[in-house]
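# Structural description and commentary
Here are the chains, one letter per residue:
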Amino acid sequence: KRWKRLNKIVISMIEKEVVRLNEYAALLDIGAGRGDFYRAADFLLKKYTGIEPSLSMLKDEIKEDDFELVHGAGEEMDYTEAYEICLIKEVLDHCYDPQKVIENCFKALKPGGAVIITLTNKDSYYKKIFKKKAEKLEKEHTDHLHNFNMREAVEMAEKAGFIVERSFLYNYLRLPCFMEEAVGKLPEKLVFFILDISDVFLRFFMRKNGGSFIITA
């Protein structure tokens, strides 16, 4: 349900951008997988292009007028002023050259376009408390090539030419696995409410140590 909550947050951001533009948006989704995000956000979009490097995730390309899923990497794409919004959701830590990906997104956006970046936070409090476990997981997750905190991601966005409008931490609540499973069985709205309240409360005490962060620029 954390993934669903993230999608809900991102969709609300896209919705605000659509209102600002006063038209539906063309969205470039980096690391799109099978294009699952499109199903959640299609009511806000006039065009969707998903870029996915993994052949196991995306077996066949799809190219239609307003919907594309193409094989490729963010470092290699070459769009110019073609999209209103670029989404880099939980992807930059998997990229060989994260800075190049952000720069390519800047190039792909129309003037005044927006980028949304989401990532887990390497400075989260629970990674500090359970340092050995966190280090073990990092070694096991060989597809995670980098780890970032929010300041580092903001600096990359600014270096690419973006003006960061908002950045915030969330996903503060972490519980033992059996408790997470129990909470996950509660109604979705109640789970989201618990997570929202915990973010507001814990952010007050640990401003830089949330589990994840979101940047809009």
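Before reading further, recall that the structure is shown in the block above.
Below: a short report on this structure. (Residues numbered from 1 in each chain as written. Predicted model: local features only at pLDDT ≥ 70, side-chain atom pairs only at ≥ 80, totals over all residues. Heavy atoms only, no water.)

Time to look at the nonpolar core. Counting 36 residues, the largest nonpolar core has I30, I88, L92 and I117 as its most contacted members. In contact with I30, not counting residues within four places along its chain, are I51, G74, M77, C86, L87, I88, K89, V91, V101 and C105. Core analysis: the next-biggest nonpolar cluster, separate from the first, contains 24 residues, M13, L69, I116 and Y170 among them. (Core = buried A, V, L, I, M, F, W, Y, C linked by side-chain atoms within 4.5 Å. Buried < 20%, exposed > 50% of the residue type's maximum accessible area, 1.4 Å probe, protein only. Contact = heavy atoms within 4.5 Å.)

On to the sheet that holds strand β4 (residues 67-71), then. Spatially, the 8 strands line up as an open sheet ordered β3-β4-β2-β1-β5-β6-β8-β7, and their pairing is mixed. Strand pairing shows two members of the sheet lacking a second neighbour, β3 (62-63) and β7 (166-170), which therefore form its edges. Against the sheet, helix α3 (residues 98-108) contacts β1 (25-30), β5 (83-89) and β6 (109-120), and its axis sits at roughly 150° relative to β6. (Pairing = 2+ DSSP bridges. Helix = DSSP H or I, 4+ residues; strand = E, 2+ residues; numbered from the N terminus. Axes fitted to C-alpha atoms, helices over the stretch in contact; angles between N-to-C directions.)

Considering only enclosed or pocket space, the second largest pocket measures out at about 570 Å³ in volume. The wall of the second largest pocket is formed by 28 residues, among which G31, A32, G33, E52 and V91 lie closest to the centre. Of all the elements in the fold, those that place two or more residues in the lining of the second largest pocket are α1 (2-21), β1, α2 (36-41), β2 (45-52) and β5. Broken down by class, the residue content of the lining of the second largest pocket amounts to 13 nonpolar, 7 polar and 8 charged. (1 Å grid on protein atoms, 1.4 Å probe; cavity = no way out; pocket = protein on both sides within 12 Å on 5 of 7 lines; lining within 4 Å. Points joined across faces, edges and corners; volume = space filled by probe spheres on them. Nonpolar A, V, L, I, M, F, W, Y, C, P; charged D, E, K, R; others polar.)

Here we come to the environment of L21. Structurally, L21 can be placed in helix α1. Taking the C-alpha atoms as reference, L21 lies 31 Å from D97; in sequence the two are 76 residues apart.

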